[in-house]
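Listed below, chain by chain, are the residues.
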Amino acid sequence: MTTLTAQHLAFGYRSQRPLFQELNLNLKSGQINCILGPNGVGKSTLLNCLTGVYQPTSGQVLLDDVDLHQIAAQKRAKKIAYVPQMSTDRTMVNFSLRDYVLLGRAPYLKLLTTPSAADYAKADAALAKLGIAELGDQPYPAVSGGQQQLASIARALLQEPALIIFDEPTSALDVANQVRVLHLIQQLATTGYGILLTTHDPNQALLLNAVVSTLDKAGHFQTGSTTEILTNETLSAVYQLPLRVVTIPETNQRTCVVDQQQIEN
Ligand SMILES: Nc1ncnc2c1ncn2[C@@H]1O[C@H](COP(=O)(O)OP(=O)(O)OP(=O)(O)O)[C@@H](O)[C@H]1O
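In this text the structure is predicted, and so the values were computed from the model without any measurement.

**A word on the packing of aromatic side chains**
Per the stated rule, a full pass over the model turns up four aromatic pairs. Centroid distance Phe11 to Tyr13: 5.0 Å. Interplanar angle 85 degrees. Geometry classified as edge-to-face. On the basis of relative accessibility, which here comes to 9%, the residue Phe11 falls in the buried class. An angle of 35 degrees between the planes, with centres 4.3 Å apart, marks the rings of Tyr100 and Tyr140 as tilted. Of this pair, Tyr100 sits in helix H3 (residues 97–102) while Tyr140 sits in the loop between helix H4 (117–129) and helix H5 (145–158), and the two are 40 residues apart along the sequence. Judged by its relative accessible area of 5%, Tyr100 falls in the buried class.

If you want it as structure tokens, here you go:
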């Protein structure tokens, strides 16, 4: 069992007001935690703190009870994979998509060694899992933004970590690939991975039946089950928009919709 714990975490950029303070969060193997919140509230910043990219202003992040910043980067990379927010990258010249995915094996390679046949097989299996097996030989900069996003998820799988932290993992994906990635996330959690993701779609949290956290513009952070957090009141307050969670009679699925009537009144 691996756990990542944030205790009394605060972070603010330079002289700006803190984006969050006294933030507590716990992620453990087998759990899916979904973070929601409007643009610019600090979700990516929080993930950067949780993965050790940023040093928090105060508080600490513990990986299995050890301060994240006390753990060597290579050791950390065997435990936590981070899939940052997607930005189409056309600069990685001379990398095939397979070689890009193979970067995920870096924590396991000794200095001046090259990936083994087994590593290549893992890369091809991960590309296939993400539905892009046929793109392995393509230059990384030449594939689409969505295909790059799928490859970045494949790369995280190659790290064989205990926890995977995704920043908006479906932001560039068509609806079929969104479902593919959400199913993969579910499958990963079932096989023991701890998953933390940010998303702009509350329906993803419902679909994943995740532990849900919301971060709002005032820096308030709250966590609970979908039933506790995905209420009309909480969602409407977080997004400052009239939102309703309704049940679709045909499928009995809960879904989040905009209350158009309230907007028009
Ligand atoms: N390197 C930086 N230096 C200064 N301010 C920053 C930096 N990175 C982000 N910010 C600011 O911090 C705030 C939070 O940004 P962040 O990217 O964490 O938000 P977010 O919730 O992930 O947003 P989005 O949903 O739009 O991706 C924003 O106001 C942003 O402008």
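**Quick look at the site of the ligand**
In the neighbourhood of the ligand, 14 residues make up the surrounding shell, with Asn39, Gly40, Lys43, Ser44 and Thr45 lying closest. At 3.4 Å from a nitrogen atom of the ligand is found a side-chain nitrogen or oxygen belonging to Arg14. At 2.8 Å from an oxygen atom of the ligand is found a main-chain nitrogen or oxygen belonging to Gly40. Here the residues of the shell around the ligand sort into four nonpolar, seven polar and three charged.

**A word on the pairing of strand E4 (residues 58–63)**
As defined by bridge partners, strand E1 (residues 3–11) adjoins E4 across five bridges and the pair is classed as antiparallel. Within the sheet, the bridge partner assigned to Leu4 lies in E4 and is Leu63. Two elements, E4 and strand E5 (residues 66–67), share two bridges in a ladder whose sense is antiparallel. Note that in E5 the partner of Leu62 across the bridge is Asp67. The turn linking E4 back onto E5 is made up of two residues, and Asp64 within it adopts a positive phi angle of 50 degrees.

**So, the sheet that holds E4**
Reading across the sheet, the four strands line up as E2-E1-E4-E5 and stay open at both edges, with antiparallel pairing between neighbours. Edge strands, defined here as strands with exactly one partner in the open sheet, are strand E2 (20–28) and E5. Across six bridges, the pairing between E1 and E2 is antiparallel. In the strand pairing of E2, Ala6 is matched with Leu25. Docked against the sheet, helix H1 (residues 43–50) engages E1, E2 and E4, running at close to 125 degrees with respect to E1.

**Things to note about the state of the cysteines**
In this structure the tally under the stated criterion is zero disulfides. Free of any disulfide, Cys34 has its nearest cysteine sulfur in Cys256, 12 Å distant. We classify Cys256 as buried; its relative accessible area is 14%.

Conventions we followed
- Residues numbered from 1 in each chain as written.
- Predicted model: local features only at pLDDT ≥ 70, side-chain atom pairs only at ≥ 80, totals over all residues.
- Heavy atoms only, no water.
- Phe/Tyr/Trp six-rings, centres within 6.5 Å; stacked < 30°, edge-to-face > 60°.
- Buried < 20%, exposed > 50% of the residue type's maximum accessible area, 1.4 Å probe, protein only.
- Helix = DSSP H or I, 4+ residues; strand = E, 2+ residues; numbered from the N terminus.
- Near = heavy atom within 4 Å.
- Polar contact = N/O pair within 3.5 Å; in protein donor to acceptor, adjacent residues only side chain to side chain.
- Nonpolar A, V, L, I, M, F, W, Y, C, P; charged D, E, K, R; others polar.
- Pairing = 2+ DSSP bridges.
- Contact = heavy atoms within 4.5 Å.
- Axes fitted to C-alpha atoms, helices over the stretch in contact; angles between N-to-C directions.
- Disulfide = S-S within 2.5 Å.

Honestly, that's just the spatial picture; any functional story needs more than this.
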